[in-house]
Amino acid sequence: MSSTSLKNRYHDAPRAADFTIDQAWDTYSAAEHDRWDRLFRRQREIAKGRACETALKAMEALELSASGIPHMGELSDKLEKISGWRVVPVAELVPDEVFFDHLANRRFPAGAFIRPEAEFDYLQEPDIFHDIFGHVPLLANPVFADFMEAYGKGGQRAMQLGQLHNLARLYWYTVEFGLIREAGGLRIYGAGILSSPQETVFALEDDSPNRVAFDLQRLMRTKYIIDDFQQTYFVIDSFDALLDACYKDFGNVYQQVKDQPDIEAHETLAEDALFNKGTLDYFRKKASV
Ligand code: HBI
Ligand code: FE
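Residues numbered from 1 in each chain as written. Chains lettered and ligands numbered in written order. Predicted model: local features only at pLDDT ≥ 70, side-chain atom pairs only at ≥ 80, totals over all residues. Heavy atoms only, no water.

Sorry, what's going on with the coordination of the iron ion (ligand 2) here?
Octahedral metals with six donors have ideal donor angles of 90 or 180 degrees. Tetrahedral metals with four donors have an ideal donor angle of 109.5 degrees. At 2.0 to 2.1 Å from the iron ion (ligand 2) lie its protein donor atoms, namely His130 (NE2), His135 (NE2) and Glu176 (OE). Counting along the primary sequence, the residues that act as donors to the iron ion (ligand 2) give the motif H-x4-H-x40-E. With His130 in helix α6 (residues 128-135) and Glu176 in helix α8 (residues 164-176), this pair connects stretches of sequence that are 46 residues apart. Glu176 carries the same exposure label as His130, and that label is buried. (Donors = N, O, S within 2.8 Å, 3.2 Å for Na, K, Ca; no water. Helix = DSSP H or I, 4+ residues; strand = E, 2+ residues; numbered from the N terminus. Buried < 20%, exposed > 50% of the residue type's maximum accessible area, 1.4 Å probe, protein only.)

Sorry if this is basic, but what is going on with the packing of helix α2 (residues 30-47) against helix α10 (residues 197-205) here?
At their nearest, the axes of α2 and α10 sit 9 Å apart, and the two run at 10° to each other. One finds that α2 runs roughly parallel with respect to α10. Residue-level inspection shows Arg42, Gln43 and Ile46 of α2 in contact with α10, the latter providing Pro197, Thr200 and Val201. Within the contact of α2 with α10, the residues separate by chemical class into three nonpolar, two polar and one charged. (Axes fitted to C-alpha atoms, helices over the stretch in contact; angles between N-to-C directions. Parallel < 35°, antiparallel > 145°, perpendicular 65-115°, else oblique. Contact = heavy atoms within 4.5 Å. Nonpolar A, V, L, I, M, F, W, Y, C, P; charged D, E, K, R; others polar.)

Just checking my understanding: could you explain the site of ligand 1 for this structure?
Neighbouring residues of ligand 1: Val90, Glu92, Leu93, Val94, Asp96, Phe99, Phe100, Tyr151 and Tyr171. Glu92 places a polar main-chain atom, nitrogen or oxygen, 3.4 Å from a nitrogen atom of ligand 1. In this structure, Val94 approaches ligand 1 through a main-chain N or O atom, which is 2.8 Å from a nitrogen atom. Against a free-state accessible area of 390 Å², the protein chains account for coverage of 86% of ligand 1. Among the residues making up the shell around ligand 1, the classes are represented as seven nonpolar, no polar and two charged. (Near = heavy atom within 4 Å. Polar contact = N/O pair within 3.5 Å; in protein donor to acceptor, adjacent residues only side chain to side chain. Areas by Shrake-Rupley, 256 points an atom, 1.4 Å probe, with all protein chains shown as cover.)

Whenever I open this one, the packing of aromatic side chains confuses me. Can you help?
To describe a pair of aromatic rings, you give the distance between the ring centres and the angle between the ring planes. Following the criterion strictly, the structure yields 24 aromatic pairs and no others. Measuring from ring centre to ring centre gives 6.3 Å for Trp36 and Phe40, while their planes differ by 25°; the resulting arrangement is stacked. Taken together, the positions of Trp36 and Phe40, both in helix α2 and four residues apart, correspond to about one turn of that helix. Each residue in the set Trp172, Tyr173, Phe177, Tyr224 and Phe234 is aromatic and connected to the rest through ring pairs, giving one cluster. (Phe/Tyr/Trp six-rings, centres within 6.5 Å; stacked < 30°, edge-to-face > 60°.)

Sorry if this is basic, but what is going on with the sheet that holds strand β4 (residues 185-188) here?
Backbone-to-backbone hydrogen bonds pair the strands of a sheet. The strands run either parallel or antiparallel. Judged by pairing direction, the sheet is mixed, and its five strands sit side by side in the order β4-β3-β6-β5-β7 without closing on themselves. Of all the strands in the sheet, the pair left with one neighbour each is β4 and β7 (274-276). If you compare each strand with its neighbour and ignore which way they point, the axes differ by 35° on average. Two strands pair when backbone bridges link them, and strand β5 (residues 210-213) and β7 are joined in this way by two bridges, in the antiparallel orientation. (Pairing = 2+ DSSP bridges.)

How should the side chain of Arg115 be read in this particular structure?
In this structure, Arg115 sits in the loop between β2 (107-111) and α6. What makes Arg115 buried here is its relative accessible area of 4%. Within the structure, the side chain of Arg115 is placed 3.1 Å from the backbone oxygen of Phe120, a separation counted as a polar contact.

How should I be thinking about the packing of α8 against helix α13 (residues 250-258) in this particular structure?
Think of two packed helices as two axes; the pair is described by the angle between the axes and how far apart they sit. Their axes nearest at 10 Å, the elements α8 and α13 cross at an angle of 105°. It follows from the interaxial angle that α8 and α13 lie roughly perpendicular. Together, Asn166, Leu167 and Leu170 of α8 and Phe250, Tyr254 and Val257 of α13 make up the contact between the two elements.

It is not clear to me how the state of the cysteines should be interpreted in this structure. Could you clarify?
By definition, a disulfide links the sulfur atoms of two cysteines through a covalent bond. Scanning the entire structure with this criterion turns up zero disulfides. For Cys52, which is in no disulfide, the shortest distance to another cysteine sulfur is to Cys246 and amounts to 17 Å. (Disulfide = S-S within 2.5 Å.)

Looking at this model, I keep getting lost on the nonpolar core. Mind explaining?
Met148 and Leu170 are the most contacted members of the largest nonpolar core, which totals 91 residues. Looking at this core, the element that brings in the most residues is α8, giving seven residues. Aside from chain neighbours lying at most four places away, what touches Met148 is Trp85, Leu103, Phe108, Leu139, Tyr171 and Val175. (Core = buried A, V, L, I, M, F, W, Y, C linked by side-chain atoms within 4.5 Å.)

What follows is the structure, given as structure tokens:
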């Protein structure tokens, strides 16, 4: 058995043409349900006062709790009534064009596997905890739900234009690692932060990272890190503002960013509207070890 299939028992599950699989909810073991409960209880506690109101309220509305791994069909029946979205089980990352087609049709592909105990604190692949605790609550916000459908449609177009890397950065710095202004401070809406206890604290409270006001072109030029905390977080004023900023012909935006140089993940620009310029100490310490 390869390490992937060892770690992820759905790796070899039969899949439909759209890469969806059977969640086979009754095959989860007591240990897997217990792991979900421990992940949920810990992260729900840390998210209080740090996650955006939308996420916290949606967790209640969707009855997400520490009562075992959710059944995606039952969860989808609740979510669909609120925003028309459903959550569909997949074994692991699906090809980009499949992913975008699901999003364009209000289906969120969620990993059916739960992380192994050895990766309780951090894993790179999106497991069921990252996808359902991190992404699903935001899909209950009607404006964000519209944004995600538009992102799916934009993704299909970006692939045709060969601009996928710019759009992937938009997803990364909003859907995965976005911050929002709320209650006189900053709160989290990005799933990659929301599903990580350490990054939930780091993203809001550490002096190391830059925090920069959302600017679509600036963000599309900015490289990102996939195996550690982010060096820069982008802040939106509201989900309406995010949707408005993206409700334009991206063809022109791609044209404008195409001839400009990429920006390093840790860099800030003179024209940035900064919430704070980070010390980057976290990264210097790691680089020096
Ligand atoms: N597949 N299941 C799954 N989940 C993702 O988040 C995902 C994916 N495929 C591609 C992808 N994300 C990103 O590369 C896109 O943003 C381009
Ligand atoms: Fe994700």
